[in-house]
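Structural overview
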Amino acid sequence: MIKVITFGTFDLFHIGHLQILKRAKVMGDYLIVGISTDALNFSKKQRYPICNQKHRMEIIQELKCVDEVFFEDSLELKREYILAAKADILVMGDDWLGRFDEFNDICQVKYLPRTPAISTTELIEIVREI
Ligand code: C2G
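Residues numbered from 1 in each chain as written. Predicted model: local features only at pLDDT ≥ 70, side-chain atom pairs only at ≥ 80, totals over all residues. Heavy atoms only, no water.

Each helix and strand in the protein was counted, giving five helices and five strands. Taken from the N to the C terminus, the helices and strands of the protein come in the order β-α-β-α-α-β-α-β-β-α. Expected size for 130 residues packed as a compact globule is a radius of gyration near 14 Å; at 14 Å, the protein falls within 12% of this value. In terms of principal-axis extent, the alpha carbons of the protein reach across some 45 × 30 × 25 Å. Within the span of the protein, comprising 130 residues, buried residues form 45% of the whole. A sequence separation of at least 24 residues applies to 63% of the contacts in the protein between residues at least 6 apart. Surface exposure of the protein reaches about 7500 Å², of which carbon and sulfur atoms provide 56%. One way to put it: in the protein the 17 positive side-chain charges average out to a point 2 Å from where the 20 negative ones average out. (Helix = DSSP H or I, 4+ residues; strand = E, 2+ residues; numbered from the N terminus. Rg over C-alpha atoms; globule rule 2.2 N^0.38 Å. Buried < 20%, exposed > 50% of the residue type's maximum accessible area, 1.4 Å probe, protein only. Contact = heavy atoms within 4.5 Å. Areas by Shrake-Rupley, 256 points an atom, 1.4 Å probe, with all protein chains shown as cover. Lys, Arg positive; Asp, Glu negative; His and termini not counted. Charge placed at Lys NZ, Arg CZ, Asp CG, Glu CD.)

Before going further, it helps to spend a moment on the site of the ligand. By nearness alone, 21 residues border the ligand, and Ser36, Glu72, Lys78, Asp95 and Ile118 come closest of all. In this structure, an oxygen atom belonging to the ligand sits 3.3 Å away from a side-chain N or O atom of Lys44. At a separation of 3.1 Å, an oxygen atom of the ligand approaches a polar side-chain atom of Lys45. A total of 640 Å² of accessible area belongs to the ligand in isolation, and the protein chains cover 95% of it. At the level of elements, β1 (3–8), α1 (15–25), α2 (38–45) and β4 (89–93) are the ones that each hand at least two residues to the shell around the ligand. Looking at the shell around the ligand element by element, the count peaks at three residues for α1. Grouping the amino acids of the shell around the ligand by side-chain chemistry returns seven nonpolar, eight polar and six charged. (Near = heavy atom within 4 Å. Polar contact = N/O pair within 3.5 Å; in protein donor to acceptor, adjacent residues only side chain to side chain. Nonpolar A, V, L, I, M, F, W, Y, C, P; charged D, E, K, R; others polar.)

We now examine the nonpolar core. Formed by 17 residues in total, the largest nonpolar core has its most connected members in Leu21, Leu31, Val33, Ile60, Val66, Val69 and Val91. Counting residues per element, the ones that place at least two in this core are α1, β2 (30–36), α3 (53–61) and β4. Excluding residues within four positions of it along the chain, Leu21 makes contact with Thr6, Phe10, Phe13, Leu31, Val33, Ile60, Leu63, Cys65 and Val66. Of all hydrophobic cores here, the second largest spans 16 residues; its members include Phe7, Tyr81, Phe103 and Tyr111. (Core = buried A, V, L, I, M, F, W, Y, C linked by side-chain atoms within 4.5 Å.)

Moving on: the state of the cysteines. Following the criterion strictly, the structure yields zero disulfides and no others. Cys65 supplies the cysteine sulfur nearest to Cys107, a cysteine that is in no disulfide, at a spacing of 19 Å. Look at Cys107 and you get buried, because its relative accessible area is 7%. (Disulfide = S-S within 2.5 Å.)

As structure tokens, then:
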């Protein structure tokens, strides 16, 4: 069984999120998703996500393409998470291109093209302007 792992915040869940999860799943048989915690987001972006981590996790774990979810507490623990999941492939969007190449020693690292013209940041801006 080929296990695939991916990570993300998935705030204001949108089609770009769904498409990367579906594309990640078909690369293997079992998809594990690390969901960035609210605290990790705050440390990365100096703001909390709109939807809290419990709600974001509940949405992701109900998706047909997702088999397992866990909270990603720290970017520095990525190696430990990949090893604990026994993942064969790490999938990320190409906004992270090259950033996780160091994990090629424990799994295949694949970057998939982002879905164009949609992002959580743009959604927030559009709603703000209405
Ligand atoms: N994504 C995409 N197309 C979009 C928007 C997002 O393919 N239009 C992908 C991103 O490339 C990422 C995933 O969806 O692989 C989740 O995106 P975010 O929620 O923005 O995740 P991020 O905050 O980048 O957190 O450890 C890594 C981080 O947890 C990733």
